[in-house]
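# Survey of secondary and tertiary structure
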Amino acid sequence: MKNIYILGTTGTIGLQALDVVRLHQDKFNVVGLSLGKTKETEHINIIREFSPKVVHLREGLDIKKYQSLFKDVTFYYGDEGLIEFVKYPTKGYLLNGISGSSGLLPTIEGIKSGKDVLLANKESLVMAGDIIKELLKKHQVKLIPIDSEHSAILGCLRGEKLKEVESITITASGGSFRDLTKEELENVTLADALKHPNWQMGPKITIDSATMVNKGLEVIEAHHLFNLPFDKIKTTLHKESIIHGLVTFKDGSTKAVMSNPDMRMPILYAMSYPNHLDLGLKKLNFDSLSLTFEKIDTKRFPLLEYAYIVGKKGGLYPTVYNAANEALVNLFLQEKIKFVDIETILIKTIDEFHSNIKNPSLEEIIKTDEEIKRKVYSNYGFFN
Ligand code: MN3
């Protein structure tokens, strides 16, 4: 039995993680659940079904009511409560399904309290990859990616030597607007942007797929996860989303992990790594399967190229890229800016940033994240 704590339980990743637990109740035991903004009845149903020892709530207003319903459960709330939740002494895996930079501190505190991290929050590595890697060593814990591309590459690398790797390739579906020209992007709507062709995901990551910022963040994530320089990390447009990640070796051979697109696969793989448990998913049919690959047009998707630029510069640059993007996507989701503004303002924000620090501390990273967001909100919208 493996103990699991889930952060972002009511988000897309969290709910699918609960599905995986339902399928393998003999293997996984839910110890902690951090529940996001959703209906109280949904919270109560989830707590009833999984009977965790500890629960974190976004807001503390109704905590007495929850406590009276579940007398054996320890409840925490708010930002500080989230850290207490993560530090809860029972050992177990910490599955971080929080979206955005607010996932960083829980990742750090989870590692410090000796928990292996199953990471869907790519921002943690993008912002503080070097710090996290040092902490993993110091506290002797593992970090396993849930991001489907990185999960695939992890699978390809099993039993292989890093020095024999020529390159890795992350596939990109191209997102909701992959077949539109730059001119056609001018007038796209929020509703159009939220229709992803292949994956069922939350709104933030669906927009990030359409701008290719998601791929950009994944390139930086891969750089930290697999200890590879940026020139060995490649991307390709693969519209079918069947191949998730590839590793090419010095001898010219390439390994790939393929499946129908379903996030429960990388979630289960992270939870049971290195085993492949049954998931009851539809398997690929090789009697009829055509796969296509195209070079990603960097003029059409300049934000992917910018990820390489900020990644190579290092220091605070990846934080600037991520923070500006989070604020801009938020403004776009509130329909305060146009889709194309995400690209132009993000590039402008990066170009205007001149206070990089080589090996920033966690405090400097968090401060920069807040400053960049504040700047974007005050210039282009109101603080929400
Ligand atoms: Mn991904």
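Reading the values: the criteria
- Residues numbered from 1 in each chain as written.
- Predicted model: local features only at pLDDT ≥ 70, side-chain atom pairs only at ≥ 80, totals over all residues.
- Heavy atoms only, no water.
- Helix = DSSP H or I, 4+ residues; strand = E, 2+ residues; numbered from the N terminus.
- Rg over C-alpha atoms; globule rule 2.2 N^0.38 Å.
- Buried < 20%, exposed > 50% of the residue type's maximum accessible area, 1.4 Å probe, protein only.
- Contact = heavy atoms within 4.5 Å.
- Phe/Tyr/Trp six-rings, centres within 6.5 Å; stacked < 30°, edge-to-face > 60°.
- Pairing = 2+ DSSP bridges.
- Axes fitted to C-alpha atoms, helices over the stretch in contact; angles between N-to-C directions.
- Donors = N, O, S within 2.8 Å, 3.2 Å for Na, K, Ca; no water.
- Parallel < 35°, antiparallel > 145°, perpendicular 65-115°, else oblique.
- Left-handed = near helix turned anticlockwise from the far one by under 90°.
- Nonpolar A, V, L, I, M, F, W, Y, C, P; charged D, E, K, R; others polar.
- Domains from an automatic or database assignment.
- Buried area = accessible area lost by both parts, 1.4 Å probe.
- Salt bridge = Lys/Arg side-chain N within 4 Å of Asp/Glu carboxyl O.

Turning to the overall build of the protein, a few remarks are in order. When helices and strands are tallied, the protein shows 15 helices and 11 strands. The globule rule puts the C-alpha radius of gyration for 384 residues at 21 Å, and the 20 Å found for the protein is close to it. The dimensions of the protein, computed from C-alpha atoms along their principal axes, are 60 × 50 × 40 Å. Out of the 384 residues belonging to the protein, those deemed buried represent 55%. Taking the contacts inside the protein whose residues are at least 6 apart along the sequence as the reference set, 67% of them involve residues at least 24 apart.

Attention now goes to the packing of aromatic side chains. Scanning the entire structure with this criterion turns up 7 aromatic pairs. Relative to Phe339, the ring of Phe177 has its centre 4.9 Å away and its plane inclined at 80 degrees; by these criteria the two rings are edge-to-face. Taken together, the positions of Phe177 in the loop between strand S8 (165–172) and helix H8 (190–193) and Phe339 in helix H14 (residues 339–351) put the pair 162 residues apart, joining distant regions of the chain. Each member of the pair, Phe177 together with Phe339, is buried. Relative to Tyr308, the ring of Phe230 lies with its centre 6.3 Å away and its plane at 70 degrees, an arrangement referred to as edge-to-face.

What follows concerns the sheet that holds strand S10 (residues 243–249). Backbone-to-backbone hydrogen bonds pair the strands of a sheet. The strands run either parallel or antiparallel. What the 4 strands build is an open sheet, ordered S9-S8-S10-S11; its pairing is mixed. The sheet is open, and its two borders are formed by strand S9 (233–237) and strand S11 (254–258), each paired with just one other strand. Geometrically, the sheet is characterised by an average inter-axis angle of 20 degrees between neighbouring strands, direction not taken into account. Here 5 bridges tie S10 to S11, and the two strands are oriented antiparallel to one another. Looking at S11, one finds that Val247 is bridged to Lys255.

Turning our attention to the sheet that holds strand S5 (residues 93–96). Spatially, S4-S3-S2-S1-S5-S6-S7 is the arrangement adopted by the 7 strands of the open sheet, whose pairing is parallel. The open sheet has two edge strands, strand S4 (74–77) and strand S7 (143–145), and neither has a second partner. Strand-to-strand, the axes of this sheet are offset by a mean angle of 20 degrees, without reference to chain direction. Across 4 bridges, strand S2 (residues 28–35) lies against strand S3 (residues 54–57) in parallel orientation. Across the sheet, Leu33 pairs through a bridge with Val55, a residue of S3. Sheet strands touched by helix H2 (residues 40–50): S2, S3 and S4. Its angle to S2, the strand with the most contacts, is close to 160 degrees. Lying over the sheet, helix H6 (residues 122–139) contacts S5, strand S6 (117–119) and S7, oriented at roughly 150 degrees with respect to S7.

Here we come to the environment of Ile98. Position of Ile98 among the secondary structure elements: in the loop between S5 and helix H5 (104–112). For Ile98, a relative accessible area of 15% gives the class buried. Ignoring any residue separated from it by four or fewer positions in sequence, one finds Ile98 in contact with Leu7, Gly8, Leu82, Gly103, Pro106 and Asn121.

Next up on the list: the coordination of the manganese ion. The coordination sphere of the manganese ion, as far as protein atoms go, consists of Asp147 (OD), Glu149 (OE) and Glu218 (OE), spread over 2.0 to 2.1 Å. Between consecutive donor residues of the manganese ion, the sequence gaps follow D-x1-E-x68-E. Here the residue Asp147 occupies a position in the loop between S7 and helix H7 (148–157), and Glu218 occupies one in helix H10 (residues 213–225), the gap between them amounting to 71 residues. Relative accessible area serves as the criterion here: at 1%, Glu218 is assigned to the buried category.

Now for the packing of helix H13 (residues 317–333) against H14. Taken N-terminus to C-terminus, the directions of H13 and H14 make an angle of 150 degrees; their axes are 9 Å apart at the nearest point. On the basis of their axis angle, the class for H13 and H14 is roughly antiparallel. Crossing angle aside, the handedness with which H13 passes H14 is right-handed. On H14, the residues touching Tyr317, Val320, Tyr321, Ala324, Asn325, Leu328, Val329 and Phe332 of H13 are Phe339, Ile342, Ile345, Leu346, Thr349 and Ile350. Here the contact of H13 with H14 is built from residues that sort into 12 nonpolar, 2 polar and no charged.

All right, on to H7 then. Of all 10 residues in H7, 9 are buried; the element is thus mostly enclosed. Every buried residue of H7 is accounted for by Ser148, Glu149, His150, Ser151, Ala152, Ile153, Leu154, Cys156 and Leu157. Residue Gly159 follows H7 closely and has a positive phi angle near 75 degrees.

Two elements in contact, helix H9 (residues 203–211) and H13, have axes separated by 10 Å at closest approach and are oriented at 105 degrees. The orientation of H9 with respect to H13, classified from their angle, is roughly perpendicular. Where H9 abuts H13, its residues Pro203, Lys204, Ile207 and Asp208 lie against Asn325, Glu326, Val329, Phe332 and Leu333. Split by residue class, the contact of H9 with H13 holds 5 nonpolar, 1 polar and 3 charged.

Quick look at the domain arrangement of the protein now. We note that the domain assignment places domain 1 (2–145) and domain 2 (150–313) within the protein. Opposite the 27 residues of domain 1 that make contact, domain 2 presents 28 residues. Surface buried jointly by domain 1 and domain 2 totals about 2,400 Å² across both partners, of which 70% is contributed by carbon and sulfur atoms. Three residues, Lys122, Val126 and Pro145, lead the burial of domain 1 against domain 2; their summed loss comes to 27% of the area buried on that side. At the boundary of domain 1 and domain 2, one finds 2 salt bridges. With its nearest N and O atoms 4.0 Å apart, the salt bridge here joins Lys204 to Glu123. Those elements that place two or more of their residues in the side of domain 1 that touches domain 2 are strand S1 (2–7), helix H1 (12–23), S5, H6 and S7. Looking at the side of domain 1 that touches domain 2, the element that brings in the most residues is H1, giving 8 residues. Among the residues making up the side of domain 1 that touches domain 2, the classes are represented as 15 nonpolar, 5 polar and 7 charged.

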